[in-house]
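# Summary of structural features
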Amino acid sequence: MQDVWLSCVAYYLQKGQKLDYLLNLSEDAKIFFIASMELTAEHENQKIQTIFGSMLGG
């Protein structure tokens with residue numbers, strides 16, 4: 001879980017969140033942030049698959 005949280009912190013730092021804010025989140029908020037990051041990644045992957053699928057005739 002710690003590796004996932006560190007990835008999440010890096011993700012949200014790139015999005016402009018403040019480090020102090022992220023480090024002081026409650027456990028429930030951390031779970032929400034992780035789930036939101038994973039959902040965004042899933043949507044981005046679907047977009048990429050759609051683009052490359054159409055380029056390859058799929």
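One can find the structure itself at the top, above this paragraph.
### A look at helix H1 (residues 2–14)
- Between its first and last C-alpha atoms H1 spans 18 Å; for 13 residues at 1.5 Å apiece the expected length is 18 Å, and the two agree.
- Listed as buried for H1 are Trp5, Cys8, Val9 and Tyr12. Projected down its long axis, H1 carries its buried residues within an arc of 100°, all on one side. Relative to its buried face, H1 has exposed residues pointing more than 90 degrees away, namely Asp3 and Gln14.
- Residues of H1 that are buried make contact with helix H2 (19–23) and helix H3 (27–55).
- Note on H1: the residue one or two positions beyond its end, Gly16, has a positive phi of about 105°.

### Topic: the packing of H1 against H3
- Interhelical geometry of H1 versus H3 gives an angle of 70° and a closest axis separation of 10 Å. Taken together, the axes of H1 and H3 are roughly perpendicular relative to one another. Along its contact with H1, which presents Val4, Trp5, Ser7, Cys8, Tyr11 and Tyr12, the element H3 presents Lys30, Phe33, Ile34, Ser36, Met37, Glu38 and Thr40.
- Along the lines of polarity and charge, the residues of the contact of H1 with H3 split into 8 nonpolar, 3 polar and 2 charged.

### Some thoughts on H3
- Taking 1.5 Å of rise per residue, the 29 residues of H3 would be expected to cover 42 Å, and the 42 Å separating its terminal C-alpha atoms lies within 8% of that figure.
- Among all positions in H3, only Ala29, Lys30, Phe33, Ile34, Met37 and Gly53 are buried.
- Elements in contact with the buried residues of H3: H1 and H2.

### Side note on a nonpolar patch on the surface
- Residues Ile48, Ile51, Phe52, Met55 and Leu56 make up a contiguous nonpolar surface patch of about 580 Å² in total accessible area.
- The residue Leu56 is located in the segment after H3 in this model.

### Description of the pattern of salt bridges
- Evaluation of the coordinates by the stated rule reveals 2 salt bridges.
- A salt bridge links Lys30 to Glu27; the shortest N-O distance between them is 3.5 Å. Of this pair, Lys30 and Glu27 both sit in helix H3, 3 residues apart, which is roughly one turn of that helix.
- Using a relative accessible area of 52% as the deciding quantity, one classes Glu27 as exposed.
- Lys47 is paired through a salt bridge with Glu44; the nearest N and O atoms lie 3.2 Å apart. A residue pair is termed a helical-turn pair when its members lie 3 or 4 positions apart in one helix, as Lys47 and Glu44 do in helix H3 at 3 residues.
- By relative accessible area, Glu44 is classed as partly exposed at 37%.

The rules behind the values
- Residues numbered from 1 in each chain as written.
- Predicted model: local features only at pLDDT ≥ 70, side-chain atom pairs only at ≥ 80, totals over all residues.
- Heavy atoms only, no water.
- Helix = DSSP H or I, 4+ residues; strand = E, 2+ residues; numbered from the N terminus.
- Expected span 1.5 Å × (residues − 1).
- Buried < 20%, exposed > 50% of the residue type's maximum accessible area, 1.4 Å probe, protein only.
- Arc of directions from axis to C-beta.
- Contact = heavy atoms within 4.5 Å.
- Axes fitted to C-alpha atoms, helices over the stretch in contact; angles between N-to-C directions.
- Parallel < 35°, antiparallel > 145°, perpendicular 65-115°, else oblique.
- Nonpolar A, V, L, I, M, F, W, Y, C, P; charged D, E, K, R; others polar.
- Patch = residues over 30% accessible without salt bridge, like charges linked within 9 Å, V, L, I, M, F, W, Y side chains within 5 Å.
- Areas by Shrake-Rupley, 256 points an atom, 1.4 Å probe, with all protein chains shown as cover.
- Salt bridge = Lys/Arg side-chain N within 4 Å of Asp/Glu carboxyl O.

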